[in-house]
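An overview of the molecular structure
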Amino acid sequence: MKDAVGNMELKNERFADFLLAQNQSWQLSANNYRGLKSVEEREFLIEGCKIRVQFNPERMRSSAAKVDSSSIAARKCFLCNENRPAEQKSLDLSNGFLLLVNPFPIFSRHFTIPSKEHTPQLLIHSLRPLFEIARNMVVYTLFYNGPECGASAPDHLHFQAGENGFMPIESEFEVMKLKDETLLFRSDNLRIWAFDGYLRKMISFETSDLEQGVKAIENLCARFSEIQPEKAEPMMNLLCYFRDGKWVIHLFPRRLHRPWQFFEEGDRRLLISPASVDFGGVFITPRREDFDKITASDIEDIFQQVSLGDDEFLKLKMSITNYKLQITN
Ligand SMILES: [Zn+2]
């Protein structure tokens, strides 16, 4: 056991050391990580849920990114080897993915994890590598932004990772999961919960078995695809981390990319483009005026707009209940 813990720490030091080395040789990245130490935050408690708001001007390029297909076709992919800055090095994660330092951080250790291949952002065939990487990066939380849910490179498959414990959701889930009425499925090594009273809609999985976890998510996504048949993949964000021998996955089903406030002008504008980190409980505001003026009711309203509607969420919940029947028969 002691050895296992020792190995784990060693593995994680490898990522922290890589970040340190990058910041010694890459000025842009070093400046932005230094700037993060003085980043301003506000905190809201809304219906018992903690939401922090981070003022982070360097995230403008991500929040305001044009991700329509013609804009994407007109630019060079910044995740492909040949287009990345010369200073940006990579670690080979040996399952088809590379680990890069994200030079525009939200987290004090923030990585981008692109596929080695330039292939579209789709989750369904990438669940196994996601689980494997999460297991190898135990003090990190991995996240996935769907192609229409905040990924600024929808044409190049990638995850991101930031240190565990940064997003309020991780500790809130430990309390929320104790409410029996939210637990929809239970077997020896898999549990599935659905939460609709958590400002946003969320389905959470906890499993000690990689294959069972992957199958349960695939099953849910298949049902979700029937609800959004026009999409290459149903709209979602996802967080995944490995803790005490189990994977925890939070999936946020969505119906909208950006809220109406994003497209307004003048005082009514709020430049907020919600993605995994916002769903994890940390709202990113790249503009000072939005950071100053955002209210609890704006946050509630934005979550309400972009989360899946009540009727559709009920269908997903029913598919989880039916899943129980499928595997017990
Ligand atoms: Zn690419």
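Here, the structure is the one placed above.
Residues numbered from 1 in each chain as written. Predicted model: local features only at pLDDT ≥ 70, side-chain atom pairs only at ≥ 80, totals over all residues.

1. Focus on the overall build of the protein chain
Scanning the protein chain for helices and strands turns up 12 helices and 13 strands. Radius of gyration (C-alpha) of the protein chain: 19 Å, near the 20 Å computed for a compact globule of 329 residues. Each principal axis of the C-alpha atoms in the protein chain carries an extent, and together these give about 60 × 55 × 40 Å. Of all 329 residues assigned to the protein chain, the portion counted as buried reaches 37%. For the protein chain, the share of sequence-separated contacts (at least 6 apart) that also reach a separation of at least 24 residues comes to 67%. (Helix = DSSP H or I, 4+ residues; strand = E, 2+ residues; numbered from the N terminus. Rg over C-alpha atoms; globule rule 2.2 N^0.38 Å. Buried ≥ 20, exposed ≤ 12 C-beta atoms within 10 Å, placed from the backbone. Contact = placed C-beta atoms within 7 Å.)

2. Thoughts on the sheet that holds strand β5 (residues 110–114)
With antiparallel pairing, 10 strands are arranged side by side in an open sheet as β3-β4-β5-β7-β6-β11-β12-β10-β9-β8. Every other strand in the sheet has two partners, leaving β3 (91–92) and β8 (183–187) as the edge strands with one partner each. Of the strand pairs in this sheet, strand β6 (residues 140–145) and strand β11 (residues 236–243) are connected by 4 bridges, and their pairing is antiparallel. From the neighbouring strand, Y144 faces β11, where its bridge partner is L238. Packing against the sheet, helix α5 (residues 127–136) makes contact with β5, β6, β7 (158–163), β11 and β12 (246–253), and its axis sits at approximately 40° to β11. (Pairing = 2+ DSSP bridges. Axes fitted to C-alpha atoms, helices over the stretch in contact; angles between N-to-C directions.)

3. Regarding the environment of I124
Along the polypeptide, I124 turns up in the loop between β5 and α5. Of the residues examined, I124 has 13 C-beta atoms within 10 Å and is grouped as partly exposed. Between the C-alpha atom of I124 and that of V214, which follows or precedes it by 90 residues, the distance is 8.9 Å. Discounting chain neighbours no more than four positions away, the residues touching I124 are E218, C221 and E233.

4. Observations regarding the pairing of β11
Most of β11 sits out of view: 7 of its 8 residues are buried. Taken together, the 8 bridges between β11 and β12 define a ladder with antiparallel strand orientation. Bridging across to β12, N237 finds its partner in F252. Here β11 folds back onto β12, and the loop between the two strands holds 2 residues, one of which, D244, carries a positive phi near 50°.

5. Brief notes about helix α11 (residues 296–306)
Of the positions making up α11, those classed as buried are I299, I302, F303 and V306. Down the axis of α11, the sector holding all buried residues measures 95°, keeping them to one side. As for α11, its buried residues are in contact with β1 (40–46), β2 (49–55), β10 (200–207), α8 (260–263) and β13 (282–285). (Arc of directions from axis to C-beta.)

6. Digging into the sheet that holds β13
Pairing within the open sheet is mixed, and its 3 strands lie in the order β1-β2-β13. Whereas interior strands pair on both sides, the edge strands pair on one side only; in this sheet they are β1 and β13. Ignoring which end each strand starts from, the neighbouring axes of this sheet average 20° apart. With 7 bridges connecting them, β1 and β2 associate as antiparallel partners. Opposite I46, over in β2, you have C49 as the bridge partner. Packing against the sheet, α11 makes contact with β1, β2 and β13, and its axis sits at approximately 75° to β1.

7. Observations regarding α5
Each full turn of the α-helix corresponds to 3.6 residues, which orients residues three or four apart in the same direction. Listed as buried for α5 are L127, L130, F131, I133 and A134. Along the axis of α5, the buried residues cluster in a sector spanning 165°; they form a single face.

8. Details of the nonpolar core
Judged by nonpolar contacts, the single largest core of 75 residues is most densely connected at L130, A134, L142, L238, C240 and I249. Considering every element that reaches this core, the biggest residue donor is β11, with 6 residues. Contact partners of I249, with chain neighbours within four places excluded, come to S204, F205, G213, I217, L238, L239 and C240. (Core = buried A, V, L, I, M, F, W, Y, C linked by C-beta atoms within 7 Å.)

9. Observations regarding the environment of F15
Summarising the element assignment, F15 is placed in helix α1 (residues 2–25). For F15, a count of 20 C-beta atoms within 10 Å corresponds to the buried category. Between the C-alpha atoms of F15 and Y140, which are 125 residues apart in sequence, the distance is 10.0 Å. In contact with F15, other than residues within four places in its own chain, are L99, F111 and M137.

10. As for the packing of α5 against helix α7 (residues 210–227)
Interhelical geometry of α5 versus α7 gives an angle of 135° and a closest axis separation of 10 Å. As judged from the angle between their axes, α5 and α7 are oblique. Classified by chirality, the crossing of α7 by α5 is right-handed. Of the residues in α7, those in contact with L127, R128 and F131 of α5 are L210, G213, V214, I217 and E218. Residue classes in the contact of α5 with α7 are distributed as 5 nonpolar, 1 polar and 2 charged. (Parallel < 35°, antiparallel > 145°, perpendicular 65-115°, else oblique. Left-handed = near helix turned anticlockwise from the far one by under 90°. Nonpolar A, V, L, I, M, F, W, Y, C, P; charged D, E, K, R; others polar.)

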